[in-house]
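Per-entry structural report
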Amino acid sequence: MQRGDRAGLASRNNKLDFGEYGLQVLDRGWVTTNQIEAARVAATRHMQRRGQIWLRIFPDKPISKKPLETRMGKGKGNPETWVAVVRPGNMLIEVSGCSETVAREALALAASKMPFRCRFLARRQLV
């Protein structure tokens, strides 16, 4: 797969669909599998298995790399890691089944594992 273009805004996956609270991306770039897993672990540990978490991105783009000190030519390198392409507006994680303060703290910990700015979103219930 080629590196592709990361221009534009998120036209899909840009609203809260599953949970009451969410983490939305404000920059564009790649999120690696390790960063996604670190964010998931940080959020679930803080929530202490209360509530439910949805990961809204999936790393489906292979990133290849040639070995060090290899001469030019001989084709493309082997897949090194997998990344998810994110654009401004993409939802990363959604949470429900806990209070807003717990969700805000858990998603702040998850946002600290991400390589770009994120914001907290809440779905306001009409009472």
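All of the points below concern the structure found in this document. If you're wondering where the values come from, they're calculated on a predicted model, not measured in any experiment. (Residues numbered from 1 in each chain as written. Predicted model: local features only at pLDDT ≥ 70, side-chain atom pairs only at ≥ 80, totals over all residues. Heavy atoms only, no water.)

**As for the sheet that holds strand β1 (residues 21-25)**
Ordered by their spatial adjacency, 4 strands build an open sheet running β3-β6-β1-β7, and the pairing between neighbours is antiparallel. Two strands in the sheet have a free side with no partner beyond their single neighbour: β3 (52-55) and β7 (118-122). Taken pair by pair, the neighbouring strands of this sheet meet at an average axis angle of 20°, ignoring direction. Against the sheet, helix α1 (residues 33-47) touches β3 and β6 (91-96), its axis set at about 170° to β3. This element, helix α2 (residues 100-112), spans β1, β6 and β7 of the sheet and lies at about 25° to β1. (Pairing = 2+ DSSP bridges. Helix = DSSP H or I, 4+ residues; strand = E, 2+ residues; numbered from the N terminus. Axes fitted to C-alpha atoms, helices over the stretch in contact; angles between N-to-C directions. Contact = heavy atoms within 4.5 Å.)

**Things to note about the sheet that holds strand β2 (residues 29-32)**
Sheet architecture is open: 3 strands sit in the order β2-β5-β4, paired in antiparallel fashion. Of all strands in the sheet, those bounded by a partner on one side alone are β2 and β4 (61-65). Ignoring which end each strand starts from, the neighbouring axes of this sheet average 50° apart. Inspection of the sheet shows β4 paired to strand β5 (residues 78-86) by 5 bridges, in the antiparallel sense. Bridging from a neighbouring strand, P62 pairs with W82 of β5. With respect to the sheet, α1 is in contact with β2 and β5, its orientation differing from that of β2 by roughly 65°.

**A look at the nonpolar core**
In this structure, V31, I57, V86, L92, I93, V95 and M114 are the most contacted members of the largest nonpolar core, which totals 23 residues. Going through the elements one at a time, β1, α1, β5, β6 and α2 are the ones with two or more residues in this core. The leading source of residues in this core is α2, at 5 residues. Setting aside its immediate chain neighbours within four residues, V86 contacts V25, D27, R28, G29, V31, I57, L92 and F116. (Core = buried A, V, L, I, M, F, W, Y, C linked by side-chain atoms within 4.5 Å. Buried < 20%, exposed > 50% of the residue type's maximum accessible area, 1.4 Å probe, protein only.)

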